[in-house]
Amino acid sequence: MAVFTSRLHLGGLARRLVQDGLIGEPEAVSATDEAARQKMPFVAYVVSHKLASAQDIAHAASQEFGVPLVDIQAIDPDPDVMRLVDEKLITRHHALPIFRRANRLYLAVSDPTNIQALDEIKFHVGITTEPILVEEDKLSRAIERAMEANDTSLQDLTAGEDFGDLEGLEVGEDRREEEVASAEVDDAPVVKFVNKTMLDAIRRGASDIHFEPYEKYYRVRLRMDGVLHETSKPPIALAGKIAARIKVMARLDVSERRVPQDGRIKLKLSRNKAIDFRVSTCPTLWGEKVVMRILDPSSAFLGIDMLGYEEDQKKIFLEQIMKPYGMFLVTGPTGSGKTVSLYTGVGILNTADRNISTVEDPVEINLPGVNQVQMDERTGMTFAKALKAFLRQDPDVILVGEIRDFETGSIAVKAAQTGHLVLSTLHTNDAPQTLTRLVDMGVQPFAVATAVNVIIGQRLARRLCPHCKAPVDIPRDGLLAEGFPQEDVESGMTVFRAVGCDRCNEGYKGRVGIYQVMPVSEGMRRLIMENRNAMELADQARREGIRDIRQSGLLKVRNGITSLEEINRVTLE
């Protein structure tokens, strides 16, 4: 009887999903309540939290309510029809007007039971509305594209010349960089080219843009899923103008080309969406190289479930981050996702009863409720000086962007020993090496042994595209030689390879973290105080059943998340 009562509270679509076994009843009830609390559509909530696939929901809804299911990618929404409905209504109800026939307006929706959306849009437009069923993920992308196309602020970015081939661009005689006039910074083709490159990088999901001058040519590369891809080769004569344009946008000194500079750009994409870029210039033999890092604020709020931790690793992470004092260290090379891991930890700790202070170089993402300090050596604001100031600010949690020297390491260790939780990063290859690195910096072994709670070594590997990945036949001996456990090989595991399709980059789409989560046990503390080397610490970790980065990577291969080639690329030294 209890089951019957609970089902009465479920809407038509939620009830159908439960009946079809696509979602459990408790999950459906919880999703309904949470979606209402967060003021978002039920289907959008279910798909975003991966409770059921958008395709399965769309098929179930079509069969249940008799609404036609269409592929919105095959339809070009009418811009004139778009303008009939206010953008706020489209966003709020997740309903996209696609075409009009006589006195009927057809709306693309992912939930045909959302009568409120149909009625409210009908009231504002003054004509009858009819639903057309579309898969939720495709609808979200279509709404985003339609908003961008309808936003006048984007017209100047995409209008004008096709910059696929810039060789025909009219430029003056090649001159020395010192002679680049300030007026040239506003050169319209250069402005359009820089803007278009930035926009393309955002649309293609790139993390970095490289503008690189050489003796005979100039090239632009995008880093997508951790790998650089060349995208264009503008004329070498434009090198100075492109660098000058970017420096103006980042509010840097255009006249200074002898020393590196750092700045930021905020690119407004629409009325309610903006992307931040971190800009770094570096003088090279043939001009200034410019690298732009695309800062995605959403990465700081992904949550630990999205980062790729295995269940046992996630448990250790959550246990250690909640300790009242000690050091929580994350290690790995540049671009391995250390900042995201730390921000995830800070997000868990960011409650009203904790005072959290961070010192970063630079502050990449704004975190509400956290006191963030920008390191600036020009003004004397070093990591060490900021740490000293924090200790007088009644902190509970301290985040240090990076431990680079003895002074910073020493103060951080003392803070961890005096009742503070200290989060930081180091550039080492794995977790055991981090302990010896602190000792090599000059921190006393007993201080390291008593202060450090856990070390997380990590890498980022590309995810296989789920739409095109294909199984590959590898001999049993080959799998054993790569390091797979014998029981996995004997069980008939399937290894997948990258293929490539129109939905991915060379067979990969997105990235996943590979981790070594190593809590510092009593046995390890004794080895540290005995000043043992990293190999002995690694052996101790192995005896305690802690997977190293290689083993974690092979586990991702076994689970079909990435390929063996990719794991070899990021883990083999």
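Residues numbered from 1 in each chain as written. Predicted model: local features only at pLDDT ≥ 70, side-chain atom pairs only at ≥ 80, totals over all residues. Heavy atoms only, no water.

Chemist: Give me the overall build of the protein: which residues, what numbers.
Modeler: Looking only at helices and strands, the protein features 24 helices and 18 strands. Within the protein, the fraction of its 573 residues that count as buried is 47%. Counting every atom, the protein has about 28500 Å² of accessible surface; 49% of that belongs to carbon and sulfur. (Helix = DSSP H or I, 4+ residues; strand = E, 2+ residues; numbered from the N terminus. Buried < 20%, exposed > 50% of the residue type's maximum accessible area, 1.4 Å probe, protein only. Areas by Shrake-Rupley, 256 points an atom, 1.4 Å probe, with all protein chains shown as cover.)

Chemist: Report on the packing of helix 21 (residues 522–529) against helix 22 (residues 534–543), specifying residues and quantitative values.
Modeler: Helix 22 packs onto helix 21 with a crossing angle of 170° between their chain directions and a minimal axis gap of 10 Å. Put simply, helix 21 runs roughly antiparallel to helix 22. Here helix 21 contributes Gly523, Met524, Leu527 and Ile528 to the contact with helix 22, which in turn contributes Glu536, Leu537, Gln540 and Ala541. A class-by-class count of the residues in the contact of helix 21 with helix 22 yields five nonpolar, two polar and one charged. (Axes fitted to C-alpha atoms, helices over the stretch in contact; angles between N-to-C directions. Parallel < 35°, antiparallel > 145°, perpendicular 65-115°, else oblique. Contact = heavy atoms within 4.5 Å. Nonpolar A, V, L, I, M, F, W, Y, C, P; charged D, E, K, R; others polar.)

Chemist: Just give me the short version of the pattern of salt bridges, but keep the residues and values in it.
Modeler: On inspection of all chains with the given rule, the structure shows 29 salt bridges. A salt bridge links Arg547 to Asp312; the nearest nitrogen and oxygen atoms lie 3.0 Å apart. Separated by 235 residues along the polypeptide, Arg547 in the loop between helix 22 and helix 23 (549–558) and Asp312 in helix 13 (residues 311–321) bring together distant segments of the chain. Residue Asp312 is classed as partly exposed on the basis of its relative accessible area of 39%. Of the charged contacts in the structure, one is a salt bridge between Arg476 and Asp477, with a shortest N-O distance of 3.7 Å. (Salt bridge = Lys/Arg side-chain N within 4 Å of Asp/Glu carboxyl O.)

Chemist: Please provide a residue-by-residue account of the sheet that holds strand 18 (residues 508–519), values included.
Modeler: Read across the sheet, seven strands follow the order 12-11-13-14-10-15-18 without closing on themselves; strand pairing throughout is mixed. Two strands close off the open sheet at either side, each with one partner strand: strand 12 (371–374) and strand 18. With strand direction ignored, the average angle separating the axes of adjacent strands in the sheet is 20°. Here four bridges tie strand 13 (residues 397–400) to strand 14 (residues 421–426), and the two strands are oriented parallel to one another. In the strand pairing of strand 14, Ile398 is matched with Val422. Running at roughly 60° to strand 18, helix 13 makes contact with strand 10 (326–331), strand 14, strand 15 (452–464) and strand 18 of the sheet. Together, strand 10, strand 13 and strand 14 form the strand contacts of helix 16 (residues 406–417), whose direction differs from that of strand 10 by roughly 135°. (Pairing = 2+ DSSP bridges.)

Chemist: Please provide a residue-by-residue account of the side chain of Lys338, values included.
Modeler: Mapped onto the secondary structure, Lys338 falls in helix 14 (residues 338–349). Buried and without a salt bridge, Lys338 has Glu402 as its closest oppositely charged side chain, separated by 7.1 Å. Polar contacts involving the side chain of Lys338 include one to the main-chain carbonyl oxygen of Pro333, which spans 3.0 Å. Setting aside residues up to four positions removed in sequence, Lys338 forms contacts with Val330, Thr331, Gly332, Pro333, Thr425, Leu426, His427 and Gln458. (Lys, Arg positive; Asp, Glu negative; His and termini not counted. Polar contact = N/O pair within 3.5 Å; in protein donor to acceptor, adjacent residues only side chain to side chain.)

Chemist: Account for helix 24 (residues 564–571), naming residues and giving values.
Modeler: Two residues of an α-helix separated by three or four positions point the same way, owing to the 3.6 residues in each turn. Among the eight residues in helix 24, six count as buried, and that is most of the element. Of the surrounding secondary structure, the elements contacted by the buried residues of helix 24 are strand 15, helix 19 (476–482), strand 17 (495–497), strand 18 and helix 23.

Chemist: Help me get a handle on the confidence of the model for the protein, residues and values and all.
Modeler: Of the residues in the protein, 89% reach a pLDDT of 70 or more, and the chain-wide mean stands at 83. Between the elements of the protein, mean pLDDT differs from a low of 41, seen in helix 10 (residues 155–158), to a high of 95, seen in strand 4 (residues 208–213). Taken together, the stretch residues 1–8 has pLDDT below 50 and engages in six contacts with residues farther than four places along the chain or on a different chain. This model gives residues 151–185 a pLDDT under 50, and the stretch forms 45 contacts once residues within four places in sequence are excluded. (pLDDT = per-residue confidence, 0-100.)

Chemist: I'd like a description of the sheet that holds strand 2 (residues 104–109), backed by residues and values.
Modeler: Taken in spatial order, the three strands line up as 1-2-3 in an open sheet, and their pairing is mixed. Two strands lie at the open edges of the sheet, namely strand 1 (96–101) and strand 3 (128–133), each paired on one side alone. On average, each strand axis in the sheet is tilted by 30° relative to the strand beside it, whichever way the strands run. The strands touched by helix 8 (residues 115–125) within the sheet are strand 2 and strand 3, with strand 3 carrying the most contacts at an inclination of about 140°.

Chemist: Can you explain unusual backbone geometry? Please cite residues and give values.
Modeler: Where the residue is not glycine, phi is negative for most of them; where a peptide bond is considered, it is trans in most cases. For Asp225, which is not glycine, the phi torsion reads 55° and is therefore positive. Tracing the chain through its elements places Asp225 in the loop between strand 5 (218–224) and strand 6 (227–232). In this structure, Asp394 is a non-glycine residue whose phi angle is positive, near 55°. Residue placement: Asp394 occurs in the loop between helix 15 (383–390) and strand 13. For Asp394, a relative accessible area of 61% corresponds to the exposed category.

Chemist: Give me a positive patch on the surface: which residues, what numbers.
Modeler: A contiguous patch of positive charge, built from Arg141, Arg145, Arg503 and Lys509, is present on the exposed surface. Mapped onto the elements of the fold, Lys509 is located in strand 18. (Patch = residues over 30% accessible without salt bridge, like charges linked within 9 Å, V, L, I, M, F, W, Y side chains within 5 Å. Charge placed at Lys NZ, Arg CZ, Asp CG, Glu CD.)

Chemist: Lay out the nonpolar core with the relevant residues and their values.
Modeler: Among soluble globular proteins, nonpolar side chains are generally buried collectively. Counting residues in hydrophobic clusters, the biggest one holds 39 residues, and the most contacted among them are Met327, Leu435 and Val452. Among all residues touching Leu435, those that are not within four sequence positions of it are Val448, Val452, Ile455, Met518, Val520, Ile528 and Leu537. Listed in part, the 30 residues of the second largest apolar core include Val220, Ile242, Leu267 and Ile294. (Core = buried A, V, L, I, M, F, W, Y, C linked by side-chain atoms within 4.5 Å.)

Chemist: Quick rundown of the pairing of strand 2? Include the residues and the values.
Modeler: Across five bridges, strand 1 lies against strand 2 in antiparallel orientation. For Leu96, the partnering residue across the bridge sits in strand 2 and is Ala108. In terms of strand pairing, strand 2 meets strand 3 through six bridges, oriented parallel. In the sheet register, Arg104 faces strand 3, and the bridge partner there is Thr128.

Chemist: Report on the pairing of strand 4, specifying residues and quantitative values.
Modeler: If a strand is regular, its side chains alternate between the two faces of the sheet. The buried fraction of strand 4 amounts to six of the six residues, a majority that puts the element mostly inside the structure. Of the two faces of strand 4, both are covered, the one formed by Asp208, His210 and Glu212 as well as the one formed by Ile209, Phe211 and Pro213. What sits between the antiparallel neighbours strand 4 and strand 5 is a turn of four residues. Of the pairings in the sheet, the one linking strand 4 to strand 9 (residues 287–295) comprises four bridges and is antiparallel in character. By the bridge assignment for strand 9, Ile209 is matched with Met292.

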